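Coordinate analysis (summary)
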Amino acid sequence: MADIGTLLSEIVGTEHVLTGDAISEDYAHDEALSRDPVRPAFVVRPSTAEQVAQVLRTASDQGIPVTARGSGSGLSGAAAPRPDGVLISFERMNAVLEIDTENHVAVVQPGVTLQELEERTAANGLVYPVYPGELSASLGGNIGTNAGGMRAIKYGVTRHNVLGLEAALPTGEVIRTGGKFVKASTGYDLTQLIIGSEGTLAVVTEAVLKLHPRLPHQGTVLAPFTDLDEVARAVPRVADSGLGPLILEYIDGLTMGAITYSAQLQLGIPDDIKETSQAYLVVMLENRSAERLDEDIEELGELLSTLGAKDVYVLPGPSARKLIDAREKAFFTAKAAGADDIIDTVIPRAALPDFMARVREIAQENNTFVIGCGHAGDGNVHLAVLQKDPEIRATVLRALFDAGIGLGGAISGEHGIGRKHVQSFLALTDPAKVDLMRRIKTAFDPAGILNPGVLFD
């Protein structure tokens, strides 16, 4: 291993290869629950795509596993290193290289955070709309997991907003895919294949991102409902209304109580309505005109009332921002409350009532507490599972995944499989598809060094 350290030092410089006690605890984990921290043998901090490629080629030659890491905010264990491996940290590759206002694109390195990109795009009247809820997350990590978030109902997820990539391959080459154009019919779409591959195919070193005009006016409506079934039935109607919601979220009553208490947020809802409301719908609209926004909000309020809302509240700007922020941090609220796992099963949104009914059954059958919220507009349900017994918890998770797949959904909508849900993924996925994925993995990574243990056992 000392010889490997020397080889890595020759590539990136001795000061950018960390070993032993020089590797801080932060490098040893991401935000996945129920996983112990693991320090890698080496942390390498490259500054160029060529250095990344050389590190990968060296690791391939030596048979050493490699994990790429941005901010470490992932929830699936895909950014957690191996004890015998190399962790590539992108803290030195964190530049916004270009904001192209004519082509509406940004060119960024993988270590750039969403917050940094938000500040640069806002100064130009543009926005990168993918908003997975953690502004400290890196763009490279978002690309690796195909991150989504609350705005996916209108703008799609990461793969809908990445036009091109530069990526280093384990064999030592650097390739470019796509570019500053919005369509192509020229060979295989390698951009889309790499997005969401969770660091198992290639290491992204640069990305071309699609930007959108930043609309100046936003309004947020909060609607309490008697139960979650009413919310679930209302979601398709709101999505089909033509109002084009920017955000369409459901929050169950317990989660709403927890996040508003944590954020010390008062929403002006009378106690009698709080006490009889088991679920809430949060809808945010945006428009380029204040007058048109007001018209849309009025129409939305009337629609929600006909769909069974107990009342409709148009939140003032500060309260709306605090609520959205609290919803984004629901994971940390659940973690503080003792959640043992977090999952993000995705289903067709019309299947939401059936899925949530099955969730209640599974929770009762296994004496397990399951609460949550989710991106109701795109069927991505986030559930916190509170069950200390690991065997019972595994049974509950498998049953939830099976229920989602049975309704036409998938195990994860945006967090990824990572190392957490490999066994469920392999057990519940068509073997022919898994075999094809393995062959694709081998074509990109013949030595099998990139993120072993992620997606495949």
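Residues numbered from 1 in each chain as written. Predicted model: local features only at pLDDT ≥ 70, side-chain atom pairs only at ≥ 80, totals over all residues. Heavy atoms only, no water.

1. Quick notes on the overall build of the chain
Spelled out, the test is: In DSSP terms, a helix is any run of H or I states spanning at least four residues, a strand is any run of E spanning at least two, and both are numbered starting from the N terminus. Based on C-alpha atoms, the radius of gyration is set beside the globule rule, defined as 2.2 Å times the residue count to the power 0.38. Each residue is placed in one exposure class: buried if its accessible area under a 1.4 Å probe, protein chains only, is under 20% of its type's maximum, exposed if it is over 50%, and partly exposed if it falls in between. The contact criterion used is simple: two residues touch if any of their non-hydrogen atoms lie within 4.5 Å. Accessible surface area values rest on a Shrake-Rupley calculation with a 1.4 Å probe, where residue burial reflects the displayed protein chains alone. His is not counted, nor are the chain ends, whereas Lys and Arg count as positive and Asp and Glu as negative. All charge positions are set by atom: Lys at NZ, Arg at CZ, Asp at CG, Glu at CD.
When you go through the chain residue by residue, the secondary structure sums to 16 helices and 18 strands. Its C-alpha atoms give the chain a radius of gyration of 22 Å, within 12% of the compact-globule value 23 Å for 457 residues. Principal-axis analysis of the C-alpha atoms places the extent of the chain at approximately 70 × 55 × 40 Å. Burial statistics for the chain: of 457 residues in total, 55% are counted as buried. The long-range fraction of contacts in the chain, counting pairs at least 24 apart against all pairs at least 6 apart in sequence, stands at 75%. Within the structure as shown, the chain displays about 19400 Å² of accessible surface, and the carbon and sulfur contribution to it stands at 49%. Averaging the positions of the 39 positive and the 60 negative side-chain charges in the chain gives two centres separated by 2 Å.

2. Some details on helix H14 (residues 390–406)
Short version of the rule: Expected span of a helix: the number of residues minus one, times 1.5 Å.
The end-to-end C-alpha distance of H14, which contains 17 residues, comes to 24 Å, matching closely the 24 Å that a straight helix rising 1.5 Å per residue would cover. Next to the buried residues of H14 lie strand S16 (341–343), helix H13 (352–365), strand S18 (380–386) and helix H15 (422–428). Immediately downstream of H14, the backbone of Gly-408 shows phi near 95°, a positive value.

3. A closer look at a negative patch on the surface
Cut-off, in case you're wondering: Think of a patch as exposed residues, more than 30% relative accessible area, with no salt bridge, where like charges cluster within 9 Å and nonpolar side chains (Val, Leu, Ile, Met, Phe, Trp, Tyr) cluster within 5 Å. Definition used for salt bridges: Asp or Glu carboxyl oxygen within 4 Å of a side-chain nitrogen of Lys or Arg.
A cluster of like negative charges, contributed by Glu-291, Asp-294, Glu-295, Glu-298, Glu-299 and Glu-302, occupies part of the molecular surface. Position of Asp-294 among the secondary structure elements: in helix H10 (residues 290–306).

4. Here's the deal with the pairing of strand S5 (residues 96–100)
What counts, and what does not: Strands are treated as partners if at least two bridges between them are detected by DSSP.
Note: S5 against strand S6 (residues 105–108), 4 bridges, orientation antiparallel. Across the sheet, Ile-99 pairs through a bridge with Ala-106, a residue of S6. The turn joining S5 and S6, which pair antiparallel and follow one another in sequence, is formed by 4 residues; a positive phi near 55° is taken by His-104.

5. Comments concerning the sheet that holds strand S9 (residues 174–178)
Using the following cut-off: To define axes, lines are fitted to C-alpha atoms, for helices over the stretch in contact only, and angles between the resulting N-to-C directions are given on a 0 to 180 degree scale.
If you trace the 5 strands from one edge of the open sheet to the other, you get S5-S6-S10-S8-S9, paired in antiparallel fashion. With partners counted over all chains shown, the strands left at the sheet margins are S5 and S9, one partner each. Here the strands of the sheet are splayed against their neighbours by 10° on average, with no regard to which way each runs. Direction of pairing for strand S8 (residues 162–168) relative to S9: antiparallel, over a ladder of 5 bridges. Its bridge partner being in S9, Gly-164 is matched across the sheet by Gly-178. In the packing of helix H2 (residues 49–62) onto the sheet, contacts are made with S8, S9 and strand S10 (203–210), and the angle to S8 comes to roughly 55°. Contacting S5, S6 and S10, helix H3 (residues 114–122) runs over the sheet at an angle of about 35° to S5.

6. Quick notes on unusual backbone geometry
Here Glu-198, not a glycine, exhibits a phi torsion of approximately 55°, which is positive. Relative to the assigned elements, Glu-198 resides in the loop between helix H6 (190–194) and S10.

7. Describing helix H7 (residues 228–239)
Put simply, the rule is: Polar contacts, as counted here, are pairs of nitrogen or oxygen atoms within 3.5 Å of one another; within protein the pair requires one atom able to donate a hydrogen and one able to accept it, and residues that are adjacent in sequence qualify only if both atoms are side-chain atoms.
The first and last C-alpha atoms of H7 sit 17 Å apart over 12 residues, in line with the 16 Å expected at 1.5 Å per residue. Buried residues along H7 sit against helix H5 (152–155), strand S12 (217–225), strand S13 (247–252), strand S14 (279–287), H10 and H13. Where H7 begins, one side-chain oxygen reaches toward the backbone nitrogen of Asp-229, 3.2 Å away; that side chain belongs to Asp-227.

8. Thoughts on the sheet that holds strand S4 (residues 86–89)
On the basis of which strands lie adjacent, the open sheet formed by 4 strands has the order S1-S2-S4-S3 and mixed pairing. Strands at the two margins of the open sheet, each flanked by one partner only, are strand S1 (17–18) and strand S3 (66–69). Against the sheet, H2 engages strand S2 (42–44), S3 and S4, with an angle of about 170° to S4.

9. Observations concerning the packing of aromatic side chains
Short version of the rule: In this analysis, rings of Phe, Tyr and Trp, with Trp reduced to its six-membered ring, are considered paired at centre separations within 6.5 Å, and the interplanar angle assigns stacked below 30 degrees, edge-to-face beyond 60, and tilted for intermediate values. To sit over a ring, a charge needs its Lys NZ or Arg CZ within 6 Å of the ring centre and within 35 degrees of the ring normal.
According to the stated counting rule, one finds 1 aromatic pair in the structure shown. On the numbers, 4.9 Å between centres and 70° between planes, the contact of Phe-331 with Phe-332 is edge-to-face. Given the relative accessible area of 12%, Phe-331 is considered buried. The class of Phe-332 is partly exposed, set by a relative accessible area of 36%. Lying over the aromatic face of Tyr-131, Arg-151 brings its terminal NZ or CZ to 4.0 Å of the ring centre.

10. A look at the environment of Gln-54
Structurally, Gln-54 is set in helix H2. Each C-alpha atom, one on Gln-54 and one on Glu-391, is 43 Å from the other, the two residues being 337 residues apart in sequence.

11. Quick notes on the packing of H13 against H14
Operational definition: Small angles under 35 degrees read as roughly parallel and large ones over 145 as roughly antiparallel, with 65 to 115 read as roughly perpendicular and the rest as oblique. By convention the crossing between two helices is left-handed if the near helix lies anticlockwise of the far one by an angle smaller than a right angle, and right-handed if it lies clockwise. Here the term charged refers only to Asp, Glu, Lys and Arg, the term nonpolar to Ala, Val, Leu, Ile, Met, Phe, Trp, Tyr, Cys and Pro, and the term polar to all other amino acids, Gly among them.
Two elements in contact, H13 and H14, have axes whose closest approach is 10 Å; the angle formed by their N-to-C orientations is 160°. It follows from the interaxial angle that H13 and H14 lie roughly antiparallel. As H13 packs across H14, the resulting crossing turns out to be right-handed. In contact with Phe-355, Arg-358, Val-359 and Ile-362 of H13, H14 contributes Val-396, Ala-399, Leu-400, Ala-403 and Gly-404. Across the contact of H13 with H14, the residue classes break down as 7 nonpolar, 1 polar and 1 charged.

12. Considerations on the packing of H7 against H13
Between H7 and H13, whose axes approach to 8 Å, the crossing angle comes to 155°. When the axes of H7 and H13 are compared, the pair comes out roughly antiparallel. Of the two elements, H7 crosses H13, and the hand of that crossing is right-handed. Here H7 contributes Leu-228, Asp-229, Ala-232, Arg-233 and Val-235 to the contact with H13, which in turn contributes Leu-352, Pro-353, Met-356 and Arg-360. Its residues placed into classes, the contact of H7 with H13 shows 6 nonpolar, no polar and 3 charged.

13. A word on the nonpolar core
How we decide: In plain words, nonpolar cores are sets of buried Ala, Val, Leu, Ile, Met, Phe, Trp, Tyr and Cys residues tied together by side-chain atoms within 4.5 Å.
With 53 residues, the main nonpolar core has Val-238, Tyr-250, Leu-281, Leu-304, Met-356 and Leu-383 as its most contacted residues. For this core, the element with the most residues is H7, which contributes 7 residues. Membership of the second largest hydrophobic core comes to 26 residues, among which are Ala-106, Val-162, Val-204 and Leu-211.

14. With respect to the pairing of S10
Within S10, 7 of the 8 residues are buried, which leaves it mostly tucked inside the rest of the structure. When S6 meets S10, the two strands line up antiparallel, connected through 4 bridges. When the bridges of S10 are listed, Val-105 appears paired with Lys-210. Alignment of S8 against S10, held across 6 bridges, turns out to be antiparallel. The residue bridging Ala-168 from the neighbouring strand is Val-203, located in S10.

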